[in-house]
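Commentary on secondary and tertiary structure
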Amino acid sequence: MSAKLLRPFLGIALLIASAHVGLAQTLPSPAEAQELLQNPAMVARLQQMVQSSGLTPDQIRERLKAQGYPESLLDQYLPGGSGDSTAVPGTDVFAAVRALGLADSSSVDSLSIAARRHRAVTARTDSAFMDTLQRALRDDSTRAAIRSLLDSRKLQREVSDSGFKVFGLDLFERESSLFNPNSSAATDANYRFGAGDQLVLILTGDVEKSYKLSVTKEGFVVIPDVGAVNVAGLTRSQLEDALYSRLGRVYSGVRRGAGATTHFYIDVSQIGTNQIFINGDVQHPGSYSVSRAGTVMTALYQAGGPTGNGSMRDVQVRRNGQTVATLDVYDYALHGDATNDIRLENGDIVFVPPRGPQVRVAGYVLRPATYEVKPNQTVADLVAMAGGFTESADRRSIQIDRIVPPSERTAAGSDRRVVDVPSDLFSTAPVRAGDVLLVHEIARRVANRVDVKGNVWTPGAVALTPGMRLHDALRQVGGLKPDSYLGQVIVTRLRADSTREMLRTAVYDTTGRAVDDIPLKDGDEITVFSTTQLRPTRYVTIAGSVRRPGRIPYREGMTLRDAVLLANGLEEGALLTNAEIARLPENRAAGQVAVTRTVPLDSTYLFTRGPDGRYIGPPGVQAPTAKAPEVPLQPYDAILIKQQPDWVLQRSVTLSGEVMYPGTYALTTKSERLSDVLQRAGGLTSSAYPEGMVLVRRHDNVGRIAVDLPAVEDNARSVDNLSLVDGDSIFIPPYSPVVLIRGSVNAPSAVAYLPGADIDYYVRSAGGPNIQGDFGRAYVMQPNGHLQTRHRTHLFWTSRPVPQPGSTVFVPAKDPNARRDWGQLAATTTSILGSLVAIAAIVRR
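Not measured: the values here are computed from a predicted model.

Okay, the sheet that holds strand 15 (residues 436-439) next. Strand order in the open sheet formed by five strands is 12-11-15-13-14, and the pairing between neighbours is mixed. Taken across any chain shown, the strands that pair with only one partner, and hence form the sheet edges, are strand 12 (369-372) and strand 14 (416-422). Neighbour-to-neighbour, the strand axes of this sheet turn through a mean angle of 25°, independent of strand direction. One ladder, built from seven bridges, connects strand 13 (residues 397-403) with strand 14; its direction is antiparallel. The residue bridging I398 from the neighbouring strand is V421, located in strand 14.

Right, dumping it as C-alpha cells:
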C-alpha cells in the first residue's frame, strides 16, 4: 500500500492496533507518515546543489564518466530535468555529488541522512505497519473497536487528543537546518579555537595588513613576521591577550591603551569540524563530522534523534571516559533552556540510553502526548508538560488509568485500575510508569437559559432570571411577528428524568402578553407558530396560449388580467373573445370536481403595443374593442386561454437542385401540394432527373419519403402528390447514369447503368458478396427512394429487382445470431415433394 493510502489509517491504527495487539513499536508515527509526503522538497534541494555548482550539464556528465558513474545519473537534477519528483535519491546519487565536489560535504551528508531515514520509514511502513494492521484486524475486539470508532462523531477529536504521540520526537523528524550551525557565522565570546578553523587577522593604523590564518591540527597558526602562535583551546579574549604580546614584539604600535598606533582585529571566518560519535538508542548511530560550534542538539539532529525507545531526558556526553554533561531535551523543548546544550569537542561521544518511565496525557490539554518522566514527578508536573488545561477542560479532577504493580495484582483481571485525583492533590499525587492521565471535558449543557423558537423577531437563547415568566422571555426576543398565531404558544419543559412535558397558553397580542403567564424554568423551550406556515399554499394555474404557463401564487384581489401578466402575456394567435376558468365546486356530492365558466376578453389583453398605443403584434387578431369587465379569481382556479382556430405563422419548404427558381417557399394553404410548389418554382430544368427526387420531412423526424415524381407530373391526383408541411426539403438531382453497390461485397463501387440489368448483374460487377454477405437479402433503393427486394413469385422462380439510373444496391451482412432449422427445412421439402408426386399421379389418370 502506498504512503498516500496509508495516511488515513495511521490515526486509527495507532489508537486501536497498539491497544488491542500491543504492536505499537512497529507502527510509524504521524510525523513519519507526514515525512513520506515530503520527497519533492528533498529532490528540490538536491537540484539546487547541482545547478548552483557552476558547471554545465555537459561538464557534469564528463566528470561522472571519468569517475566511473553513469553519465545520466544526475540528469534528473540538471536544468530541464523531468524525473520523478517523489522518488527518494539513492546512495549512488549522493556519492556522485560528493565525489564531483558539487556541494560541501556537510550539506550532502545532511541530505543523505534525511534520505536514508526516509527510506527506513517507507520500508517500515510498507511491511511492519501492514503486518500489524492485518494481525490487528484478525482480532474480534479490534474489529469491534474500529466499527465503534467509525460510527462515532468524535473520532477526529479522540484521535487528536489520544496522546499516543511521543513528545519531543518531532524535533528531529523534519528536514530543516534547525540545529546546523552556520560554519561562516560569527562566534560568541565562549567559543574556543581549534584545528580546522580559518581565522582572519587585520592590522590597521601604522601598519595596514590582513592575513588569513589556518589553525593546524597541532593547534597553532603561523603569522608572517611573527611566527607560530598556539591558539588551541583559547577563547577570543585569551587569544587577544596572547597577540598583544606577540604582535607587540614586531609592531611597536601594538599596545593596550590610548597610546596604541596600530590596532588589530582577530575573528573566525570559517569554523572547523569535530569528529564525534553518537550511539545508543538513536535513529542512525555512527561517526559524524559536526561543526566545532555544534552542540549536543546538533549531533542528535544529525543522527535523526532518539528512537521511540531512546531517552530524551538523559542524553550523556562522554569525554575521555568521563560523563562531562547530561542534556534534558525537555528543557529545550518545553522551556527554551539550552544551558546544558554544551559544545562538543573532537572525539566526544553522545550516548542516548533507553528511555525512562512514560506517562500518557490525553484529553483536554493543550499538548496531548506521551511524556518521559523522572522520579517523583506529580500529576501537576505532567499537566504543565502538556501545556496546561484547555478552556473546556474539567479541572476538578483527573482520571488515571494505572497499571497495577506486579506485587499488587491479587487476582486475574485486576492488572489495571482507575484512580481519580481531585484538584487539591494534583501537586502531591505522584505518577507511575504506564499511567494514562485523562482530562475530561466539562458538561456541554448550557444552564440557566430558555430557548425561544419560531415566529419571533430574534429567536435564540434568553438568560433565565429569577421570577421570569413567559411574557418576559417573549419581550426579550422582540415580541411576536404580525402573522403569529395567537391561539396557542407551546412551552416544552425538561423533567428530572430527561423526558419532556408540554405546556400551552394563548397570547393577547404580538407583545407576548399571555392569557396564562407561565413561570419559566431552566431548559424551557418556547415555540411560537406562524399563520403563514399553517396556511396551505394557495395558487392558480394558467395554460394555453400564454408565454409562461404554469402555477402562479394566489394573492387576495387577483384578477384574470393579473394572472395573464404574471404569465408574461399572451402568445400570438391567442383567442381574445373569451377564456375558460375551471373552479372548485361548492358541493362534491355528485362526484363533481370542477365547475367551468366562460369569461370575456378584449383587446386590452394585448400588452404588446408601441409608443402610440397601437398593437404591434401579428395581424389578424380578432378581439372585441369594448373593455370587458375584470374577472376576479379564487384560489385554485384553472385558467385556459384558447387559441384562434386555424391560426399559424408562416410555414415554409425548401426547393433545391434542378428547379428553375430554387429557394425557400412559404406555403399559402395547409393543403398546398408538391405539384403546386414546383409550379411556383418555375418547374424543372432540362437536366433534371425527376425519378431521383428526394423529399425529406423533418416534422416528427419522419425522414425521407419515397415519391414517384413522374407520376405526379402525369396526374396531379396521384397519391404521390403529397400535401407539404412546414420544414419539408425537396431536392431534384441531375441525371446520374451509374448504380452504386454498397454493403458486404468484395469491391464496393459505382457501375454504369445497363438498361434491363437486374440486381444480380450489379452485385457480380462488384465482385460478388463477400464471406459475410447475405445475398438472399440484397435490396435496391431506387432513385426515388422506393426499396425493392428479391422475393419468390412461384415455387422455383424468384423476382429480381431491376435498378434504375442513380439507384443503390445494398448487400447486408449475415445475422451472426440466425440459425437455420435444417429439420424444419427437410420436413417442408418432403411435404412439397409429396404434393408434387400426388399432382403428377392425378395428371396421369
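So, about the pairing of strand 18 (residues 484-494). For strand 18 and strand 20 (residues 525-530), the ladder comprises five bridges, and the chain directions are antiparallel. Each bridged residue has a counterpart across the sheet, and for I490 the counterpart in strand 20 is T527. Sheet topology places strand 18 next to strand 19 (residues 500-505); six bridges connect them, and they run antiparallel. Across the sheet, residue R493 finds its bridge partner in strand 19, namely E501. What sits between strand 18 and strand 19 in their antiparallel hairpin is a turn of five residues, with S498 showing a positive phi close to 70°.

On to the environment of V43. Positionally, V43 belongs in helix 4 (residues 39-51). Between the alpha carbons of V43 and V88 there is a distance of 7.4 Å; along the sequence they are 45 residues apart.

Moving on, we come to unusual backbone geometry. Most peptide bonds adopt trans geometry, and most residues besides glycine take a negative phi value. Positive phi is not limited to glycine here, since D225 has a value of about 70°. Counting through the fold element by element, D225 comes out in the loop between strand 3 (220-223) and strand 4 (227-230). The exposure class assigned to D225 is exposed, which follows from its relative accessible area of 58%. Despite not being glycine, Y636 has its phi angle at roughly 75°, a positive value. Examined against the element boundaries, Y636 turns out to sit in the loop between strand 24 (595-600) and strand 25 (638-641). Residue Y636 is classed as partly exposed on the basis of its relative accessible area, which comes to 29%.

Rules and cut-offs
- Numbering of residues begins from 1 in every chain and follows the order in which that chain's sequence is written.
- For a predicted model such as this one, the threshold for reporting local features is a pLDDT of at least 70, and the threshold for listing and counting side-chain atom pairs is 80 or more; totals across whole chains, interfaces and linings nevertheless cover every residue.
- Hydrogens and water are ignored here; the side-chain numbers use all heavy atoms of the structure.
- If DSSP finds at least two bridges between two strands, the strands pair.
- Here a helix means four or more residues in a row that DSSP labels H or I, a strand means two or more in a row labelled E, and each is numbered from the N terminus.
- Note on method: axes are straight lines fitted to C-alpha atoms, helices fitted across the in-contact stretch only, with angles between N-to-C directions ranging 0 to 180 degrees.
- Summary of the burial criterion: residues with accessible area below 20% of their type's maximum are buried, those above 50% are exposed, and those between are partly exposed, where the area comes from a 1.4 Å probe applied to protein chains only.

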